Amino acid sequence: MEVYTTENEQVDAIKRFFANNGVALIIGLVVGIGAVLGWNYWQSHKSNVLQESAQKFENVSTQLHSSSAQGIEAAQKFAAETNDVYSAMIGLELAQVAVDKGDLALAEKSLSDALTKAKTDDMLDLINFRLARVQLAQGKADAAIASVGNIKAKSWQAAAQDIRGDALLHKGDNAGAKAAYTQGLESDGSQAIRSLLTLKLNNVSVL
């Protein structure tokens, strides 16, 4: 790097620098400002879209729980057209309504679709848990085992092993069911789930 010893030389050097690089600097400045403004706009846009989605979710949820065919159709349409957490939430509600109506196929589809829209690990665990229960209720033991296998959080493991044990028992694997119930008891779980696991373990032990 050149060292300029007089003030005039320094001024001349600055002039030459801007003469050679001024356009690039201006473009860089404009691009930088544009990027900041664009990012702020995008964040504001996302916030507005999410707020709009939340309002639609409330309306569709109310329709859904009216137990009408139109409510179910509205929920399915909202879930298909929305790609955020509210889509996953309406999928959970739609599945519960379907279960109450005895439509386990619709419940399974709603939960499977909700998995693709879930944004957090906690929600993924919840959806996989409910999906496994619906699959087991349909006699799809292998699918239920696969779903609980996707549950990650330690706090879910006792309940997950409860379903896994039931699925293995459905397949006639008594030893596997016993191991699952035992593993569930060794995990952190509520007193209610621990009591249920103990009961199931005692029953499978005498088979």
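It should be noted that the structure appears before, not after, this text.
Everything numeric here is computed off the predicted structure, so don't read it as measured data.

### Brief notes about the packing of aromatic side chains
Aromatic ring pairs are described here by two measures, namely the spacing of the ring centres and the angle between the planes. Scanning the entire structure with this criterion turns up two aromatic pairs. Here the aromatic rings of Phe-57 and Tyr-86 are separated by 5.6 Å at their centres, their planes lie at 40 degrees, and the arrangement is tilted. Residue Phe-57 is found in helix H1 (residues 7–64), and its partner Tyr-86 is found in helix H3 (residues 85–100); the two are separated by 29 residues along the sequence. Taken together, a centroid distance of 5.1 Å and an interplanar angle of 45 degrees make the contact between Phe-129 and Trp-156 tilted. Taken as a pair, Phe-129 in helix H5 (residues 121–137) and Trp-156 in the loop between helix H6 (141–148) and helix H7 (157–170) lie far apart in primary sequence, 27 residues in all. Overall, the relative accessible area of 13% leaves Phe-129 in the buried class.

### Side note on the pattern of salt bridges
Taken as a whole and judged by the stated rule, the model has seven salt bridges. With its nearest N and O atoms 3.4 Å apart, the salt bridge here joins Glu-52 to Lys-56. With a gap of four residues between them, Glu-52 and Lys-56 both fall in helix H1, about one helical turn apart. For Lys-56, a relative accessible area of 42% puts it in the partly exposed group. The salt bridge involving Lys-200 is made with Asp-162; its shortest N-O contact spans 2.7 Å. A residue pair is termed long-range when its members are at least 10 positions apart, and Lys-200 in helix H9 (residues 191–205) and Asp-162 in helix H7 qualify at 38 residues. By relative accessible area, which is 9% here, Asp-162 ends up buried.

### Looking at helix H4 (residues 104–115)
Between the first and last C-alpha of H4 there are 17 Å, a value that for 12 residues agrees with the 16 Å anticipated at 1.5 Å per step. For H4, the secondary structure elements touched by its buried residues are helix H2 (69–81), H3 and H5.

### What about the environment of Ser-87?
Relative to the elements of secondary structure, Ser-87 occurs in helix H3. Residues Ser-87 and Ser-53 lie 34 residues apart in sequence; the distance between their C-alpha atoms is 8.7 Å. Aside from chain neighbours lying at most four places away, what touches Ser-87 is Phe-78, Ala-79, Thr-82 and Lys-117. A polar contact is formed between the side chain of Ser-87 and the backbone oxygen of Ala-79, at a distance of 2.9 Å. Engagement of the side chain of Ser-87 in a polar contact is seen with the side chain of Lys-117, the distance being 3.3 Å.

Definitions and limits used
- Residues numbered from 1 in each chain as written.
- Predicted model: local features only at pLDDT ≥ 70, side-chain atom pairs only at ≥ 80, totals over all residues.
- Heavy atoms only, no water.
- Phe/Tyr/Trp six-rings, centres within 6.5 Å; stacked < 30°, edge-to-face > 60°.
- Helix = DSSP H or I, 4+ residues; strand = E, 2+ residues; numbered from the N terminus.
- Buried < 20%, exposed > 50% of the residue type's maximum accessible area, 1.4 Å probe, protein only.
- Salt bridge = Lys/Arg side-chain N within 4 Å of Asp/Glu carboxyl O.
- Expected span 1.5 Å × (residues − 1).
- Contact = heavy atoms within 4.5 Å.
- Polar contact = N/O pair within 3.5 Å; in protein donor to acceptor, adjacent residues only side chain to side chain.

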